[in-house]
Amino acid sequence: KLKWYEPEEQQKLIETAKAYSEGVRSLNYSAPREKDLRPYIRIYLGLHTGMRSGEISALTWRKIDLINGTININRTVHYAGGDTNPALKLPKTKKSIRVIELTPNDIAELKSYKLWMQEKLLPTRADINKVPLIFSDDFGLPHRSQIRKIYETIVKQGKLEHRGFHSLRHTHASNLFEADFDILTVSKRFGHSSVAITMDIYTHFFERKKKKDAKRLQDVQQSMQSSS
């Protein structure tokens, strides 16, 4: 079943993820956590770009153009060998290989994250361009169980109904349709193999938009009648 976060829930999720990554713990803990921006930027990218979890995990800085504001997606991470044995592979379809446009806010968040990452890697002398954007504690590809556990902790800490990470992708789609983006633009941004697949997945959003458009039309008619 399709699940997504409503606008007020999105705000709560982002705020909670930011607080968690800055070291704030839930009421069950008193000891502060070390600052770690990885959970925050993962949720931010999922919510604001619609990228799949595996696509986010496969990102390196070489795939991100902070000057022109784009992300080049041509790899994903899969776990056929188990949660602790991640591996890179090509996306599942040719159209999943794509370029996503970033907003000025996205660029600012990524610049801030890159500064933190440079500080984190400084003692190791690791090449920031070779380390995954969302890396595991050994600076390699992240473990799936680690990703899932932290995400679920943030959702719980925010007192939100549990929805999987993929619901962030659906949430981004909902936001785009609410903002009247056309179906072709959404389909290309999401890397779907066809517009028909996009329409099939997000039928509910189209039905909701029809009701919204009908209400807008009614408002226009009433405005015309009152002015005549």
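Every chain is numbered independently, its residues counted from 1 as its sequence is written. Only residues with pLDDT of 70 or above have their local features reported here, since the model is predicted, and side-chain atom pairs are shown and tallied only from 80 upward, although totals for entire chains, interfaces and linings are computed over all residues. Note: side-chain values were computed over all heavy atoms of the structure, leaving out hydrogens and water.

Trainee: How would you sum up the overall build of the chain? Please name residues and give values.
Mentor: Across its full length, the chain holds 9 helices and 5 strands. Helix and strand labels come from DSSP, where a helix needs a run of H or I of at least four residues and a strand needs a run of E of at least two; each type is numbered from the N terminus. Shown N-terminal to C-terminal, the secondary structure of the chain runs as helices and strands in the order α-α-α-β-β-β-β-β-α-α-α-α-α-α. With the C-alpha coordinates aligned to their principal axes, the bounding extent of the chain is approximately 75 × 45 × 35 Å. Think of it in three bands: residues with accessible area under 20% of the maximum for their type are buried, residues over 50% are exposed, and the middle band is partly exposed, with areas taken using a 1.4 Å probe on protein chains only. Looking at the 228 residues of the chain, the share that counts as buried comes to 43%. In the chain, the share of contacts with a sequence separation of at least 24, taken over all contacts with a separation of at least 6, comes to 61%. Accessible surface for the chain amounts to roughly 12900 Å². Of this, 54% is attributable to carbon and sulfur atoms. In this tally, Lys and Arg are treated as positive and Asp and Glu as negative; His is ignored, and so are the chain termini. The atoms used to mark charge sites are NZ of Lys, CZ of Arg, CG of Asp and CD of Glu. Across the chain, the mean location of the 39 positive side-chain charges is 4 Å away from that of the 26 negative side-chain charges. Contact definition: two residues touch when any of their heavy atoms are within 4.5 Å. Computed with a 1.4 Å probe, the accessible areas rest on the Shrake-Rupley method; for each residue, only the protein chains presented here act as cover.

Trainee: Can you break down the side chain of S136 residue by residue, with the values?
Mentor: Its place among the elements puts S136 in the loop between α4 (104-121) and α5 (144-157). Assessed through its relative accessible area of 2%, S136 is described here as buried. Those residues in contact with S136, other than ones at most four positions away along the chain, are R38, L141, P142, H143 and Q146.

Trainee: I'd love a proper account of the sheet that holds strand β1 (residues 64-65), names of residues and values included.
Mentor: Read from one edge of the open sheet, 3 strands run β1-β2-β5, paired in antiparallel fashion. Pairing within the sheet leaves two strands with one partner each, and these edge strands are β1 and β5 (98-101). As judged from the 4 bridges shared by strand β2 (residues 70-73) and β5, these two strands associate in the antiparallel manner. When the bridges of β5 are listed, I73 appears paired with R98. Strands pair, by our definition, only if DSSP identifies at least two bridges between them.

Trainee: Which residues make up α5, and what are the values?
Mentor: With 14 residues, α5 extends 20 Å between its outermost C-alpha atoms, agreeing within 8% with the 20 Å of an ideal straight helix rising 1.5 Å per residue. Residues of α5 that are buried sit in contact with α1 (7-21), α2 (38-49), α3 (53-57) and α6 (167-178). Here the expected length of a helix is defined as 1.5 Å per residue gap, with one fewer gap than residues.

Trainee: Describe the pairing of β2, and please don't skip the residues or the numbers.
Mentor: One ladder, built from 2 bridges, connects β1 with β2; its direction is antiparallel. The partner of D65 across the bridge, within β2, is T70.

Trainee: Which residues make up the packing of aromatic side chains, and what values do they have?
Mentor: The criterion for an aromatic pair is that two Phe, Tyr or Trp rings (for Trp, the six-membered ring) have centres within 6.5 Å, with stacked assigned to planes under 30 degrees apart, edge-to-face to planes over 60 apart and tilted to the rest. Inspection of every chain in the model, using the stated rule, returns 11 aromatic pairs. Seen from their ring centres, W116 and F135 are 6.4 Å apart, and the 10° between their planes marks the pair as stacked. In this pair, W116 sits in helix α4 while F135 sits in the loop between α4 and α5, placing the two residues 19 residues apart along the sequence. Residue classification places F135 among the buried residues on the basis of a relative accessible area of 2%. Taken together, W4, F177, F190, Y202 and F205 form an aromatic cluster joined through their ring pairs. Cation placement over rings: the criterion is NZ of Lys or CZ of Arg within 6 Å of the ring centroid and within 35° of the ring normal. We note K18 situated over the ring of Y40; from NZ or CZ to the ring centre the distance is 4.6 Å. The lysine or arginine in question, R42, covers the ring of F165, its NZ or CZ lying 5.7 Å from the ring centre.

Trainee: Summarise unusual backbone geometry; cite the residues concerned and give the values.
Mentor: Positioned with a positive phi, F139 is a non-glycine residue whose angle comes to about 70°. Here the phi dihedral of D180 falls at roughly 70°; this positive angle occurs in a residue that is not glycine. Note that D180 resides in the loop between α6 and α7 (183-190). With relative accessibility at 39%, the residue D180 sits in the partly exposed group.

Trainee: For the environment of D138, give the residues involved together with the corresponding values.
Mentor: Turning to its location among the elements, D138 is positioned in the loop between α4 and α5. Any pair of nitrogen or oxygen atoms within 3.5 Å is treated as a polar contact; in protein, a donor-acceptor pairing is required on top of that, and neighbouring residues in sequence qualify only through side-chain atoms on both sides. Within polar-contact distance, the side chain of D138 engages the backbone nitrogen of G140 at 3.0 Å.

Trainee: Mind laying out the packing of α6 against α7, listing which residues take part and the relevant values?
Mentor: The angle between the axes and the distance between the axes are what describe a pair of packed helices. The convention used is that axes are lines fitted to C-alpha atoms, helices contributing only their stretch in contact, and that angles between N-to-C directions extend from 0 to 180 degrees. Look at α6 against α7: their axes get within 10 Å of each other, and the N-to-C directions meet at 155°. By the criterion of interaxial angle, the relationship of α6 to α7 is roughly antiparallel. Regarding α6 and α7, the two cross each other, and that crossing is right-handed. Contacts between α6 and α7 involve R169, H172, A173, L176 and F177 from the first element and I183, V186, R189 and F190 from the second. When residue character is reported, Ala, Val, Leu, Ile, Met, Phe, Trp, Tyr, Cys and Pro are called nonpolar, Asp, Glu, Lys and Arg charged, and the others, Gly included, polar. The class makeup of the residues in the contact of α6 with α7 is 6 nonpolar, 1 polar and 2 charged. Note on angle classes: values under 35 degrees are labelled roughly parallel, values over 145 roughly antiparallel, values of 65 to 115 roughly perpendicular, and the remainder oblique. A clockwise turn of the near helix away from the far one marks a right-handed crossing, whereas an anticlockwise turn of less than a right angle marks a left-handed crossing.

Trainee: Any chance you could break down α7 for me, citing the residues and the numbers?
Mentor: Listed as buried for α7 are V186, S187, R189 and F190. The arc enclosing the buried residues of α7, seen along the axis, measures out at 165°, which places them on a common side. Buried positions along α7 lie against α2, β5, α6 and α8 (195-201). The arc in question is the one traced by the directions running from the helix axis out to the C-beta atoms.

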